[in-house]
Structures are given as C-alpha cells and as structure tokens.
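# Structural description and commentary
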Amino acid sequence: MSAAGGRLAPAELRQLFLFADLDDEKLRWVAEHGDVVEHPAGAEVSTEGAPAECFYVLLSGTMAMSRRVAGDDVETVRTSAPGVYSGAVQFYFGDQIAQTYPATVRAVTDCRFLALPADELNSVFRAWYPMAVHLLQGLFIGSRNSNELVGQRERLLALGKLTAGLTHELNNPAAAATRATAALRDRFAGMRHKLALLADGRIDGRVLRALTDVQESFVDAIAAAGQLTALERADREDELGDWLADHDVERPWELAAVFVPAGLGAAELEKVADAVEPGFLEPAVRWLAYTVETEMLLQEIRESTGRVSALVAAAQQYSQLDRTPHQETDLHTGIEATLVMLSAKIPSGVEVVRDYDRGLPPVPAYVAELNQVWTNLIHNALDAMAGRGTLTLRTARDGDRVLVEVADTGPGIPAELQQRIFEPFFTTKPVGQGTGLGLDVSWRIVVNRHGGDLRVVSRPGDTRFQVRLPLTEAPAA
C-alpha cells in the first residue's frame, strides 16, 4: 500500500473485500478519488452528529465506534479488520436526508483509512448501481415508516386505555352524585313538611329557635364524624335505638341508622328532648333527621364531584394536553396519574407498593410520552401477575440519572426471551392478547427520545423493568 496521504493503486484496492468485485473502471475511480489518511492512537476520525463528509474504509490499525447514550459513550464496535467502513454510510441518499455521522469513530491504535468524499461517491454510486440504490432507499424509508406506524398504533392503544379507564372511573362518582341529588330533593320536601308540623302554632318561637341551634350543632358534628367499623356502628345504633324507643319514637331503627353515621348519639338527642315538650319530640327528631340526611347527601355530592375533578386533573396530567411537549417534570406526578388511569384494571388481589424517593430533582422529559411508558410497563406487570401479587413502583437516584423501577411478582421472563422482548411485534402473550408493540415503543421513547436506558432483570417471583433517565437534557434522536 502507498504511504499515508497518498492514494492506493487499483490492485491494492482489490485486496479489500469491499472492492474485490469491482471492475477495473470502478476501481480506477475509487483509486483516483480516495485519499489515504492517517490518525494516531486516540484521535477522533468522525464525530457523531457532525456533517458527514467522508466514507471511511479501514486499511490498518484498530478502530472503535461508539454512540452517545444518556451522557455516556457506549462502544458498539471495535475492530482491526481491513475493509470495514464507517462515516457517511448513507451517502447514497444525497441531500434527501440530513447527512450526519451516526456514530463517533476513534483510532485505538495508529490507523490508516481510505477516505472517499460522500458527495462524489453518491453521484457515481447512483450511476453504477441504480437498482441497489432504490433497494437501499426503500429499506431505509420502509423501516422508518414502519416505526412511525408502530408508534401511531401504540399511541392509539394508549388512548384507548386512557379512555376506558377514565370512563370507568368517572362513572362511579358521577352515578353517586346523581343518586345523591335525587335523594336530596326528597329530603328537602320531607324537611319542609316536618317544619310545617313544628310551626303549626303549637310550639313557640323560643323552642323553635332552640331547635335551630341544635340543628347547627348537628351539622358541625357531621363534619367532625369519623369512620366507624361495622361492629361499632351496630353497637351504637342499638344503643340509640333503645333511647328512641324509651322516648316512644316509632321505628327507632330508621332514625338510629341516620344519626349514628353522622357521629350523633343519645347525648346529642337529649338536647332535643330538653328543648321540646314530650309530645313534640318525634316531629322534632324526624325534622333533624332530615337535616342530617341532607347534610350527608351534600357531603356525598361534594366528594363525588371532587373525585370527578381529581380524575379530570389526572387525565390532563396523563395526556399533558395543556403543557409544552418538553419540560422539567416530577416523575412521581406522571406515575400517579398513570395509576389513576389504570385503577380500573388493577385487580383487588394486587397490592400496589410505592417506594418513592421524593427528594429526586425534576427530570427534563416529554411527559406524555413517559406516561405512555409507565402505562405499558404497569399494564405488562399486571398481566404477568394474573390478578394476584405485588406491583412495586420505585424511584431512586442513580448517579447522574434517575431510576424508575416497575416490579412484579409474576412468574418471570425466561432468560432466552429477555433479549427479544424489546423487539417490535414480539410478545410472550397468547395470540390475540398482545401486539408486541408496547415494549418496543417504550424502548424508543426512553432510549432514542430521552437518551436513557431501559432494561429488564427477571427471575421467578421478581421481574423488574428499570428505566434510567438523564438529569440533564439530551437531544432527541
């Protein structure tokens, strides 16, 4: 071979597997346009992301190729085989795509390369191999379009999960509010009727004023009432029922079932007995019961509508409809919003454990896309446990990255499948139960979109999908 800085003779080029089958005319073109360049050990031959100007062919020495992932250089290739190529490997596209170096190439030892100008090689290559160019372009564009379709399909699936979960969750509080509103109308009518009985002229204004004071104290008691166990509630209803029966109140169990959940007992009803004549006790107690029921129904409506608002807020956070695409975010907010959206799919036999490091700093991210990742990982974990087990969501600091771990106690993933689960359309589920898209899309969101890392560690009873995201902004792929 000729000295560095010169050119190779056609016969020398033919010794390289890349040019072995070229005819003499094509070999002469390569010999005339290719420069032999030398790079000392440690030198950078090409830089990832820089404009791709040359197609490099290794002549001698050892080279290493690396990609930038989450702020770290990850070596992908190390070789000393003459004829291997790097640099502007998509030169045949010309100006149809942005021509940048896809990886960084460094000289591990002193290296010699044949450097061919990408623009000139593009022109002659198209003339030499028009069909090959069409095939290569079709392969590249088809792969890119396929990835886009996979992404669109997965986004539609995620939207379906969001809609189904949100509809299910909204139905319960909305139905509760509707029932409470209908009952409230009846209670107001009953209260007006009882008030008319109290104020028919047989009770003076001072007694009525005392009853309204008692009414206010009952309302205050409702706000402070705590939750009772079934046994505590039964015992207190029996006790209050006996008190009402002793005071000749009909159907005392009905009133006891109203007052006890509101935190009211015999001591409070004694105030009513002290305020009215014995003959007016039952109308007064029933009027106050309507007050209690009304307040309890209003409280139920308030809680139901509050739940609706919380669900809408969670859905808004999940989908990030009102946010900019890329922002600093608290990962816990997105994880919790995802849990709300998937709550209808979490079986009663699955315990959800949150092991959060609340001291984590915000992470630069495309929030809605990360929520899609959490959805896929949690959904897979739930499927793996088949209705019974423990779902653990863990966050932690891992050097200059944040770790999010979704763990389940399912049967685990066989070792021979762990290397394939991130492939498009590969699924371990039965036919018709999985698309094989979720983990592939999750991989591309975490690794390509955020410059992070997604891996799985699995053994029977302990499968963990680990997402690592950089704390500093990484350029989108």
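Criteria and cut-off values
Residues numbered from 1 in each chain as written. Predicted model: local features only at pLDDT ≥ 70, side-chain atom pairs only at ≥ 80, totals over all residues. Heavy atoms only, no water. Helix = DSSP H or I, 4+ residues; strand = E, 2+ residues; numbered from the N terminus. Buried < 20%, exposed > 50% of the residue type's maximum accessible area, 1.4 Å probe, protein only. Areas by Shrake-Rupley, 256 points an atom, 1.4 Å probe, with all protein chains shown as cover. Salt bridge = Lys/Arg side-chain N within 4 Å of Asp/Glu carboxyl O. 1 Å grid on protein atoms, 1.4 Å probe; cavity = no way out; pocket = protein on both sides within 12 Å on 5 of 7 lines; lining within 4 Å. Points joined across faces, edges and corners; volume = space filled by probe spheres on them. Nonpolar A, V, L, I, M, F, W, Y, C, P; charged D, E, K, R; others polar. Pairing = 2+ DSSP bridges. Axes fitted to C-alpha atoms, helices over the stretch in contact; angles between N-to-C directions. Contact = heavy atoms within 4.5 Å. Phe/Tyr/Trp six-rings, centres within 6.5 Å; stacked < 30°, edge-to-face > 60°. pLDDT = per-residue confidence, 0-100. Polar contact = N/O pair within 3.5 Å; in protein donor to acceptor, adjacent residues only side chain to side chain. Core = buried A, V, L, I, M, F, W, Y, C linked by side-chain atoms within 4.5 Å.

### A word on the overall build of the protein
On a plain count of helices and strands, the protein comes out with 13 helices and 15 strands. Per-residue burial over the protein gives 43% buried out of 477 residues. Working note: accessible area of the protein is about 24,700 Å², and carbon and sulfur atoms make up 53% of it.

### Remarks on the pattern of salt bridges
In this structure the tally under the stated criterion is 19 salt bridges. The shortest N-O distance in the salt bridge between Glu 336 and Arg 354 comes to 2.6 Å. Of this pair, Glu 336 sits in helix H10 (residues 331-342) while Arg 354 sits in strand S10 (residues 350-355), placing them 18 residues apart in sequence. Take Glu 336: its relative accessible area is 23%, and that puts it in the partly exposed class. Accessibility expressed as a relative area gives 44% for Arg 354, which makes it partly exposed. In this structure, Asp 355 engages Arg 394 in a salt bridge whose closest nitrogen and oxygen atoms are separated by 3.1 Å. With Asp 355 in strand S10 and Arg 394 in strand S12 (residues 389-398), this pair connects stretches of sequence that are 39 residues apart. Given the relative accessible area of 23%, Arg 394 is considered partly exposed. One continuous salt-bridge network, built from bridges that share partners, spans Asp 355, Arg 394, Glu 405, Arg 459, Asp 462 and Arg 464.

### Here's the deal with empty space enclosed by the protein
In total, this model carries two cavities of 30 Å³ or more according to the counting rule given. Together, Thr 329, Asp 330, Leu 331, Gly 334, Val 367, Leu 370, Asn 371 and Trp 374 line the second largest cavity. Looking at the lining of the second largest cavity, the elements with two or more residues in it are H10 and helix H11 (367-385). In terms of residues, the lining of the second largest cavity owes the most to one element, H11, which gives four residues. Residues that form the lining of the second largest cavity fall into these classes: four nonpolar, three polar and one charged.

### Details of the sheet that holds S12
Taken in spatial order, the five strands make up an open sheet running S10-S12-S13-S15-S14, and their pairing is mixed. Unpaired on one side and paired on the other, S10 and strand S14 (453-459) mark the two borders of the sheet. In this sheet, adjacent strand axes meet at a mean angle of 15° when their direction is disregarded. Strand direction decides the pairing type here: strand S13 (residues 401-408) and strand S15 (residues 462-470), joined by eight bridges, are antiparallel. Bridge pairing in S15 links Val 404 to Val 467. Along the sheet, H10 contacts S10, S12, S13 and S15; its crossing angle with S12, the most-contacted strand, is approximately 165°.

### Overview of the packing of aromatic side chains
Within a pair of aromatic rings, the relevant descriptors are the distance that separates the centres and the angle that separates the planes. With the rule as written, the count across this model stands at five aromatic pairs. The interplanar angle of 25° and the centroid separation of 5.5 Å between the aromatic rings of Phe 55 and Tyr 85 together place this pair among those described as stacked. Of this pair, Phe 55 sits in strand S3 (residues 54-60) while Tyr 85 sits in strand S6 (residues 85-87), and the two are 30 residues apart along the sequence. Overall, Phe 55 belongs to the buried group, its relative accessible area being 7%. Considering the side-chain rings of Phe 91 and Phe 125, the 5.2 Å spacing of their centres and the 85° angle between planes classify their relative orientation as edge-to-face. Within this pair, whereas Phe 91 is found in the loop between S6 and strand S7 (104-107), its partner Phe 125 is found in helix H3 (residues 118-128), the two being separated by 34 residues in sequence. Relative accessible area serves as the criterion here: at 7%, Phe 91 is assigned to the buried category. Residue classification places Phe 125 among the buried residues on the basis of a relative accessible area of 17%.

### Observations regarding the confidence of the model for the protein
Fine structural detail should not be taken from predicted coordinates in areas where pLDDT scores are low. Taken residue by residue, the protein gives an average pLDDT of 79. The fraction at 70 or more is 77%. Scored below 50 in pLDDT, residues 431-436 makes 10 contacts in the model with residues more than four places away or belonging to other chains.

### Comments concerning unusual backbone geometry
Phi is positive for Arg 251, which is not a glycine, with a value near 45°. For Arg 251, the position within the fold is in the loop between helix H6 (230-246) and helix H7 (252-259). Among the residues examined, Arg 251 registers a relative accessible area of 37% and is labelled partly exposed. In this structure, Ala 386 is a non-glycine residue whose phi angle is positive, near 50°. Structurally, Ala 386 is set in the loop between H11 and S12. The class for Ala 386 is exposed, based on a relative accessible area of 70%.

### Quick look at the side chain of His 332
Along the chain, His 332 turns up in helix H10. Looking at His 332, its side chain comes within polar contact range of the side chain of Asp 330, at 2.9 Å. With near-sequence residues (within four places) excluded, His 332 lies in contact with Tyr 356, Asp 357, Arg 358, Leu 360 and Thr 395.

### A look at the nonpolar core
Grouped together as the largest cluster of nonpolar side chains are 39 residues, with contacts concentrated most on Leu 13, Phe 19 and Val 30. Every element with two or more residues in this core is listed here: helix H2 (24-33), S3, strand S4 (63-69), S7, strand S8 (111-117) and H3. Top element by residues in this core is S3. It accounts for six residues. Excluding residues that lie within four positions of it along the chain, Val 30 makes contacts with Leu 13, Phe 19, Leu 22, Leu 114, Leu 116 and Trp 128.

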